[in-house]
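Architecture at a glance
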Amino acid sequence: MNKWLKSLKTPCYVINEAALINNLKTLSDLEISTGCKVLLAQKAFSAFAFYPLVAKYISGTTASGIFEARLAHEEMQNKENHVYSPAYKEDELKELVKICDHIIFNSPEQWQKFKKLIPENVSAGLRINPELSTQGGGIYDPCAPFSRLGSTLKNIQGKDLGGIEGLHFHTLCEQDSDALEVTLDEVIKKFGDLFPMLKWVNLGGGHHITREGYDIRRLEKCIERVMKYGLDVYIEPGEAVALNAGWLAASVLDIINHVGDDERRMILAVLDASAACHMPDVLEMPYTPKIIGAKEKGEGKFNYRFTGNTCLAGDIIGDYSFEYELKEGDKLLFCDMAIYSMVKNNTFNGIPLPSIAVLRENGELETIKHFGYSDFKNRLS
Ligand SMILES: *Cc1c(COP(=O)(O)O)cnc(C)c1O
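Everything in this summary refers to the structure shown in the same document. Positions within a chain are numbered from 1, following the residues in the order the chain's sequence is written. Given that this is a predicted model, residues contribute local features only at a pLDDT of at least 70 and side-chain atom pairs are listed and counted only at 80 or more, while totals for whole chains, interfaces and linings are drawn from all residues. With hydrogens and water excluded, all non-hydrogen atoms of the structure serve as input to the side-chain values.

Points about the overall build of the protein chain
Numbering goes from the N terminus for both helices and strands, where a helix is a DSSP run of H or I of at least four residues and a strand is a run of E of at least two. Per the secondary structure count, the protein chain includes 13 helices and 17 strands. Every radius of gyration here is taken over C-alpha atoms, with the globule rule written as 2.2 Å times N^0.38, N being the number of residues. Computed over C-alpha atoms, the radius of gyration of the protein chain comes to 23 Å, within 12% of the 21 Å expected from 2.2 N^0.38 for 381 residues, which places it in the range of a compact globule. Along the longest, intermediate and shortest principal axes, the C-alpha atoms of the protein chain span 70 × 40 × 40 Å. Only protein chains enter the calculation, and the probe is 1.4 Å; a residue is then buried if its accessible area is under 20% of its type maximum, exposed if over 50%, and partly exposed in between. Buried residues in the protein chain amount to 54% of all 381 residues. Sequence-distant contacts in the protein chain: of pairs separated by 6 or more residues, those separated by 24 or more amount to 66%. Using a 1.4 Å probe, the Shrake-Rupley method yields the accessible areas, and only the shown protein chains count as cover for residues. If you sum the accessible surface of the protein chain, you get close to 18,200 Å²; carbon and sulfur atoms cover 50% of it. When charges are tallied, Lys and Arg are placed among the positive residues and Asp and Glu among the negative ones, while His and the ends of the chain are skipped. Positions of charges follow a simple convention, taking NZ of Lys, CZ of Arg, CG of Asp or CD of Glu. One finds the centroid of the 42 positive side-chain charges in the protein chain at a distance of 2 Å from the centroid of its 52 negative side-chain charges. Residues count as neighbours in contact if any of their non-hydrogen atoms are within 4.5 Å of one another.

This is the structure:
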């Protein structure tokens, strides 16, 4: 790996093709063992250069918005194209019905408002909220109090759902299949009465299927349980498709021996990658990404705080420890950066966007995209 890293221009996201294929094989095996259909949730990973590869293994994509839906329509042809939005705009929906085969509404009111626009060949679904939190709450919990994401049982009671062919729920985030199992219990208990009028159920995303130790057998049982009602089952993982399938490569620009008035010391390394611009989840979630060859804070001989090269004081990636001393120009690989980093990056401060490269299965590195000044300028006026 070090061979290609030496000559790599940073910052750069590097997709690990072998790891991506490995994940896709696991998801394809799930389709084969159960008969379910797996969709890529594009909001986690939209590097469309890989869509032809993704299309070899799974059934299609799902979109959270008009442009994702269009991207899949253009770049992953002859596959299923689903979309869900908390609320649709009429002009966008008119475009969506031409390019999507499944459209999921968030409320009976949205369905009533727009059902006349849905043609015969498009299957409409309703997102439900089973109101069962299986995670700690917070910004990633669609079952948090007063959530807008999906209709509660009380919100659909007495409403006309005629024409709705599927139910969709998405309540998990980076979870194992035990959380799905209890969620499914709740869904069947609350919404099982609706199953006879349906054609399909979509179990959403948040299933960490490709993480080591994930209980796939239990997931298969959940899928089989829904299929016993005679329904098709969809599952739409984002993370699991490209989990651990990419790095962000960065270089050390400067090393500052920070000494304060009180003699407190910290060695700061300023990188050409930024938490704020290139790995926003580090600040938003927040979490500290792993770096290849680094140990946890205090565990090695040399300790550093890695920071981005922006003006944001809080642009701090994390504290790390190494057995060797870092120098200016050294390169670092941040792990698990294919998901939710590339799709969320930005050019705050006029910082250039990382290039995109792929480490091919045969070990060769190929840069597939470079961004420049116009990518920054074009979206500002
Ligand atoms: C975010 C999201 C997904 C994908 O979630 P992951 O955690 O990346 O698997 C799937 N469906 C919906 C509706 C989502 O909002």
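A look at the site of the ligand
Note on definitions. A residue lies near a molecule or strand when any single heavy atom of the residue is within 4 Å of it. Taken together, 13 residues form the shell around the ligand, and within it Lys43, Gly206, Glu236, Gly238 and Tyr340 come nearest. Nitrogen and oxygen atoms within 3.5 Å of one another constitute a polar contact, given that in protein one can donate a hydrogen and the other can accept it, and given that sequence-neighbouring residues count only through two side-chain atoms. Between a nitrogen atom of the ligand and a side-chain N or O atom of Glu236, the distance comes to 2.7 Å. Compared with its free state, where it exposes 380 Å², the ligand has 90% of that area covered by protein. Each residue belonging to the shell around the ligand can be placed in one class, and the counts come to 4 nonpolar, 5 polar and 4 charged. For this scheme, ten residues count as nonpolar: Ala, Val, Leu, Ile, Met, Phe, Trp, Tyr, Cys and Pro. Four count as charged, namely Asp, Glu, Lys and Arg, and the remainder, Gly too, count as polar.

Some details on unusual backbone geometry
The amide bond that connects Thr10 to the next residue, Pro11, takes the cis arrangement and shows omega of -5°. Here Pro11 is to be found in the loop between helix H1 (2-7) and strand S1 (12-16). In this structure, Pro286 follows Met285 across a cis peptide bond, with omega equal to -15°. Mapped onto the elements, Pro286 comes out in the loop between helix H12 (281-284) and strand S12 (295-296). Backbone geometry places Asn78, a non-glycine residue, at a positive phi of 65°.

Here we look at the nonpolar core
Core analysis: the largest hydrophobic core is formed by 100 residues, its most contacted members being Leu20, Ile103, Phe306 and Phe334. In this structure, Leu8, Trp247, Ala249 and Cys335 belong to the second largest nonpolar core, which totals 11 residues. Among buried residues, the Ala, Val, Leu, Ile, Met, Phe, Trp, Tyr and Cys ones that are joined through side-chain atoms within 4.5 Å form a nonpolar core.

Quick word on the pairing of strand S2 (residues 37-41)
Two faces, one strand: in a regular strand the side chains alternate between the faces of the sheet. For S2, the tally of buried residues reaches 4 of 5 residues, placing the bulk of the element in the interior. In this description, strands pair whenever DSSP reports at least two bridges between them. Examined bridge by bridge, S2 and strand S9 (residues 232-235) share 2 bridges and lie parallel to one another. Looking at S9, one finds that Val38 is bridged to Ile235. Two strands pair when backbone bridges link them, and S2 and strand S3 (residues 60-63) are joined in this way by 3 bridges, in the parallel orientation. From the neighbouring strand, Leu40 faces S3, where its bridge partner is Thr61. Seen with the strands pointing away from the viewer, any crossover whose path from the first strand over the helix to the second strand runs clockwise is right-handed. Of the crossover connections in this fold, the one passing from S2 over helix H3 (residues 51-57) to the parallel S3 is right-handed.

So, the state of the cysteines
Cysteine sulfur atoms are paired as a disulfide whenever they fall within 2.5 Å. Evaluation of the coordinates by the stated rule reveals 0 disulfides. Left without a disulfide partner, Cys173 is nearest to the cysteine sulfur of Cys143, which lies 12 Å away.

Section: the sheet that holds strand S5 (residues 102-105)
Spatial ordering of the closed barrel is given by S2-S3-S4-S5-S6-S7-S8-S9, a layout of 8 strands whose pairing is parallel. Ignoring strand direction, the axes of neighbouring strands in this sheet form an average angle of 25°. Helix H4 (residues 66-75) rests against S3 and strand S4 (80-84) of the sheet, and its axis sits at about 160° to S3. Between N-to-C directions, angles span 0 to 180 degrees; the directions come from axes that are lines fitted to C-alpha atoms, helices contributing only their stretch in contact.

Looking at H4
For H4, every residue scored as buried is listed here: Ile66, Glu68, Ala69, Leu71 and Ala72. Where H4 is buried, its residues meet H3, S3, S4 and helix H5 (90-99).

Quick word on helix H2 (residues 17-34)
For H2, which comprises 18 residues, the first-to-last C-alpha distance of 26 Å matches the rise-based estimate of 26 Å (1.5 Å per residue) to within 8%. Every buried residue of H2 is listed here: Glu17, Ala19, Leu20, Ile21, Asn23, Leu24, Leu27, Ser28, Leu30, Glu31 and Thr34. Following H2 by one or two positions, Gly35 adopts a phi angle in the positive range, close to 85°. Working rule for helices: expected span equals 1.5 Å times residues minus one.

Considerations on the packing of helix H8 (residues 177-191) against helix H9 (residues 216-227)
In contact at an axis separation of 9 Å, H8 and H9 are set at 20° when each is read in the N-to-C sense. Relative to H9, the element H8 is oriented roughly parallel. Of the two elements, H8 crosses H9, and the hand of that crossing is left-handed. Between H8 and H9, the contacting residues are Ser177, Asp178, Leu180, Glu181, Leu184, Asp185 and Ile188 on the first element and Arg218, Leu219, Cys222, Arg225 and Val226 on the second. The labels follow the angle: roughly parallel below 35 degrees, roughly antiparallel above 145, roughly perpendicular from 65 to 115, and oblique for the rest. Take the far helix as your reference; a near helix turned counterclockwise from it by less than a right angle gives a left-handed crossing, and one turned clockwise gives a right-handed crossing.

Comments concerning the pairing of S9
Where strand S8 (residues 200-202) meets S9, 3 bridges bridge the pair, whose relative direction is parallel. Opposite Asn202, over in S9, you have Tyr234 as the bridge partner. Handedness of the β-α-β unit built from S8, H9 and S9 comes out right-handed.

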